[in-house]
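Single-letter residue listing:
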Amino acid sequence: MSQKKTGGLAGVVAGRTAICTVGKEGAGLTYRGYDIDDLADNACFEEVAYLLHHGKLPNAGELTAYRDRLKSLRALPGELKRVLESVPADTHPMDVLRTGSSVLGNLEPETDFSGQRDAADRLLATFPSMLLYWHRFHADGKRIDTATDDDGVAGHFLHMLHDAPPGELHRRTLDTSLILYAEHEFNASTFTARVIAATLSDFHSAITGAIGALRGPLHGGANEAAMELIERFDSPRAAEQGIHEMLARRELIMGFGHRVYTRSDPRNAVNKRMSRRLAEEAGDERLYPVSAAIERVMWEEKKLFANADFYSASMYRFMGIPTSLFTPIFVCSRITGWSAHVFEQRADNKLIRPGAEYTGPGLRPWAPVDERD
Ligand code: COA
């Protein structure tokens, strides 16, 4: 098949998976056969992490044991703290996590694949710790204790950020957001992780590479870019005019469109509901109405729908989360999906090495250096 027809590998089936369906006829978005709406409404994030890793929902005892285990893994090694302190304050937090993942791979290397679940749990437990340790050290000059005893990742994250355990609405909102971001089949970062895993490289290399892929604004970075866009406008009217102008200049509107979904992103309805609820709580009269206006214009003008990143932006803002920490939250969640894919890749491995359609020059005669133009 020519590259023209498969630009960006769109529509190409690049492997098999039993983890997730995205936009599949009659299924929609599912994790291990469970509909995303059921999981968002009923599960906690750790239940979903367990489901992705083990292929089944945990029973009550398994869930308690898993949450306790993750809780016990939150403390950071002293060497890693020292590295985080030396990473400059103006570094993008995605680069901090990329470094943190790699350093942990030096300090606690995965010596053989039988330790892969331990490596996955450790990264799941420590990504919020790394991020908030670095953030609080540079923002407030504080060396925070990352071993809080909040039950879940969402509470742990917000507690470290705000120095106090969160209220139930904020905890549950972030918990649900982590569920929505946990897994999405062969997206760019997951595929990156699988390509690295397929060379039989180590777990931390696969995750470090995935973070690099997620960082870009066409992938995870879109939630930060969406916030910057929304904040440019003071009112829905200004937003409508601004978006019309941007579309006329053929600019990309971040947080809209999707490679696989064609009519809507099933995660958006949940995010929109949660953003509206937090807007009401905060008495917001700007960010939510501006977001809704942008969504309206994008649909009217381009038939483009908001993806998972669009309402995440205002939602996170209402919880007092700085914009630069938005994409890192995606990492704190997607580590679960990446890990599941590394396990799956390794269980039936084949080196991933596609071919390319050559477009360069034909065979040419060699010319010595002093005879060249
Ligand atoms: N804003 C404005 N126009 C957009 C758009 C957006 N967010 N997303 C797609 N389009 C337009 C493209 O310009 C293109 O128009 P054209 O045919 O006139 O050239 C058309 O829609 C098809 O888009 P294309 O870029 O070919 O789709 P894709 O499958 O390669 O890209 C995305 C998918 C997600 C990369 C793309 O929609 C995008 O860049 N969105 C913004 C970033 C984002 O939110 N990323 C997070 C994804 S979850």
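See above for the structure.
No experiment lies behind these values; they were computed from the predicted model shown. (Residues numbered from 1 in each chain as written. Predicted model: local features only at pLDDT ≥ 70, side-chain atom pairs only at ≥ 80, totals over all residues. Heavy atoms only, no water.)

1. Comments concerning the overall build of the chain
(1) Moving on: In terms of regular secondary structure, the chain is built from 16 helices and three strands.
(2) Moving on: For 373 residues, the compact-globule formula gives about 21 Å, and the C-alpha radius of gyration of the chain, at 22 Å, lands near that figure.
(3) Moving on: The principal-axis extent of the C-alpha atoms belonging to the chain is close to 70 × 55 × 50 Å.
(4) Moving on: Expressed as a percentage of its 373 residues, the buried residues of the chain come to 51%.
(5) Moving on: A total accessible area of about 17,700 Å² is found for the chain, and carbon and sulfur atoms account for 51% of it. (Helix = DSSP H or I, 4+ residues; strand = E, 2+ residues; numbered from the N terminus. Rg over C-alpha atoms; globule rule 2.2 N^0.38 Å. Buried < 20%, exposed > 50% of the residue type's maximum accessible area, 1.4 Å probe, protein only. Areas by Shrake-Rupley, 256 points an atom, 1.4 Å probe, with all protein chains shown as cover.)

2. Concerning the site of the ligand
(1) Moving on: Every one of the 19 residues lining the ligand counts as a neighbour, but Ile-253, Gly-255, Phe-256, Arg-259 and Asn-307 are closest to it.
(2) Moving on: A total of 860 Å² of accessible area belongs to the ligand in isolation, and the protein chains cover 64% of it.
(3) Moving on: Looking at the shell around the ligand, its residues break down into nine nonpolar, five polar and five charged. (Near = heavy atom within 4 Å. Nonpolar A, V, L, I, M, F, W, Y, C, P; charged D, E, K, R; others polar.)

3. Looking at unusual backbone geometry
A negative phi holds for most residues other than glycine; trans holds for most peptide bonds.
(1) Moving on: A positive phi angle, near 70°, is found at Leu-200, a position not held by glycine.
(2) Moving on: Relative to the assigned elements, Leu-200 resides in the loop between α9 (188–198) and α10 (203–214).
(3) Moving on: Residue Leu-200 is classed as exposed on the basis of its relative accessible area of 53%.

4. Brief notes about the pattern of salt bridges
(1) Moving on: Evaluation of the coordinates by the stated rule reveals 22 salt bridges.
(2) Moving on: The closest approach of N and O atoms between Arg-69 and Asp-118, which form a salt bridge, is 3.0 Å. Here the residue Arg-69 occupies a position in helix α3 (residues 60–72), and Asp-118 occupies one in helix α6 (residues 116–140), the gap between them amounting to 49 residues.
(3) Moving on: Take Arg-69: its relative accessible area is 32%, and that puts it in the partly exposed class.
(4) Moving on: Across the salt bridge formed by Glu-344 and Arg-194, the nearest N and O atoms sit 2.7 Å from each other. Of this pair, Glu-344 sits in helix α16 (residues 326–347) while Arg-194 sits in helix α9; the two residues are 150 residues apart in sequence, bridging distant segments of the chain. Exposure class is identical for Glu-344 and Arg-194. Each is buried.
(5) Moving on: The network of salt bridges with common partners includes Arg-136, Asp-140, Lys-142 and Asp-163. (Salt bridge = Lys/Arg side-chain N within 4 Å of Asp/Glu carboxyl O.)

5. What to know about the packing of aromatic side chains
(1) Moving on: Under the counting rule described, the total for this entry stands at eight aromatic pairs.
(2) Moving on: With a centroid separation of 5.2 Å and an interplanar angle of 80°, the aromatic rings of Phe-310 and Tyr-311 are classed as edge-to-face.
(3) Moving on: Using a relative accessible area of 0% as the deciding quantity, one classes Phe-310 as buried.
(4) Moving on: The ring of Phe-113 carries Arg-346 above its face, with NZ or CZ at 3.6 Å from the centroid.
(5) Moving on: Directly above the aromatic system of Trp-366 lies the positively charged group of Arg-372, at a separation of 4.8 Å from the ring centroid. (Phe/Tyr/Trp six-rings, centres within 6.5 Å; stacked < 30°, edge-to-face > 60°. Lys NZ or Arg CZ within 6 Å of the ring centre and 35° of its normal.)

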